[in-house]
Amino acid sequence: MSAANEPRERSGAGAPASERAGGSGAAKPPGQTIDTHQHFWRYSPAEYGWIDDTMASLRRNFLPEEARREMTVADVHASIAVQARQTVDETRWLLELAEGDPFIAGVVGWVDLQAADLDEQLDQLSRHPRLVGLRHIVQGEPDGFLERPAFLHGVGRLERYGLTYDILVYPRQLSSAVEFARAFPRQRFVLDHLGKPDIRGQGLREWRRHFDLLAALPNVCCKLSGLVTEADWGSWTGPQLRPYIDAALEAFGPSRLMIGSDWPVCTVAASYQTVVGLVRDAISEYSESEQAQILQGTARDFFHLKVETTGLPINRVR
Ligand SMILES: [Zn+2]
């Protein structure tokens, strides 16, 4: 592993990331925290081709046991496991992991929403109480994907099964995402990683125009996640990320925002604790109830979480 791939806290990027983040990250949050965006995998080069040389530190297994350790240190109580591979096998595997680890409060899985037998697949999968939603990696699809009739038909079935849908797009796809979410006013949508603004290239203005339009739709929530990996991994600073977090707070408000780590992908740029601390610091001047909304309330409401016991720092999830 080259130095370029070391987590940045240990590389020569000047101040430790926790200091660069512009806050201590140590402020005790009010109540509990639910991390709405984690991934697990058993690594194989064939199945994880997107993990290129710049992310070589991700070329190993990432399993719940390790997540549990990170979450305990960061005082995070439960999480949502999100698909990364676009196979139904992975969805079933994540559901098995959730059965074995009560801290995994829900799974956002994948099925082929364009499949002819979609209803049969959803009938079966949605019986599992931990399946809360689905995601398709639309950022990897050609332009126009969010307008495909077969895909739209599939998304139109989710409300019937009580499933949410995670929107994963790049800024150039945000305008299509607005039309897409508008077409299903009763479907619960959540935008992953703020729509991946180009923080490296200071692409705030163009991103924000469509981001605000998406936020204007009441059926769309947003994850405060994935920012460090859209910035320069080696030299990002808290103040650089702040305008994006502030834009999200302004556009969505605490009642439609939820914290997410994007662990382990985040570790190419910052530790789990640093990423969670970034959001906690950014919202520390909000009221306790607004902070609690972002740290857990929105996730509970949005994903209809029913889990009682997580086994993590505090055993009871309200
Ligand atoms: Zn992710």
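Residues numbered from 1 in each chain as written. Predicted model: local features only at pLDDT ≥ 70, side-chain atom pairs only at ≥ 80, totals over all residues.

**Q** Now, about the overall build of the chain: what can you tell me, with residues and values included?
**A** Helices and strands together make up the secondary structure of the chain, namely ten helices and eight strands. Within the chain, the fraction of its 318 residues that count as buried is 46%. Sequence separation of at least 24 residues holds for 80% of the intrachain contacts in the chain that already meet a minimum separation of 6. (Helix = DSSP H or I, 4+ residues; strand = E, 2+ residues; numbered from the N terminus. Buried ≥ 20, exposed ≤ 12 C-beta atoms within 10 Å, placed from the backbone. Contact = placed C-beta atoms within 7 Å.)

**Q** I'd like a rundown of the nonpolar core, residues and numbers included.
**A** By size, the foremost hydrophobic cluster in this structure holds 82 residues, and its most contacted members are Ala-177, Leu-214 and Cys-222. Contact partners of Leu-214, with chain neighbours within four places excluded, come to Leu-174, Ala-177, Val-178, Ala-181, Leu-191 and Val-220. (Core = buried A, V, L, I, M, F, W, Y, C linked by C-beta atoms within 7 Å.)

**Q** For the packing of helix α2 (residues 64-74) against helix α9 (residues 272-282), give the residues involved together with the corresponding values.
**A** Remark: α2 packs on α9, axes separated minimally by 9 Å, with the N-to-C direction vectors making an angle of 45°. Looking at the two axes, α2 sits oblique to α9. Judged by the sense of rotation from one axis to the other, the crossing of α2 with α9 is right-handed. In contact with Glu-70, Val-73 and Ala-74 of α2, α9 contributes Tyr-272, Gln-273 and Val-276. Of the residues that constitute the contact of α2 with α9, the class distribution is four nonpolar, one polar and one charged. (Axes fitted to C-alpha atoms, helices over the stretch in contact; angles between N-to-C directions. Parallel < 35°, antiparallel > 145°, perpendicular 65-115°, else oblique. Left-handed = near helix turned anticlockwise from the far one by under 90°. Nonpolar A, V, L, I, M, F, W, Y, C, P; charged D, E, K, R; others polar.)

**Q** Tell me about the pairing of strand β7 (residues 220-224), residues and numbers included.
**A** Where a strand is regular, its side chains alternate between the two sheet faces. The element β7 is extensively covered by neighbouring structure, given that five of its five residues are classed as buried. Every second residue of β7 is oriented toward a common face, with Val-220, Cys-222 and Leu-224 on one face and Cys-221 and Lys-223 on the other, all of them buried. Sheet topology note: the strand β6 (residues 189-191)/β7 ladder contains three bridges and is parallel. Within β7, the residue paired with Val-190 across the bridge is Cys-221. For the crossover from β6 across helix α7 (residues 204-215) to β7, the handedness is right-handed. (Pairing = 2+ DSSP bridges. Right-handed = clockwise from strand over helix to strand, strands pointing away.)

**Q** Account for unusual backbone geometry, with residues named and values stated.
**A** A cis amide bond links Trp-263 to the next residue, Pro-264, at an omega of 0°. Position of Pro-264 relative to the elements: it lies in the loop between β8 (257-259) and α9. Positive phi, normally seen in glycine, also occurs at Gln-86, with a value near 60°. Assignment of secondary structure puts Gln-86 in the loop between β2 (78-82) and α3 (88-100). With 16 C-beta atoms counted inside 10 Å, the residue Gln-86 sits in the partly exposed group.

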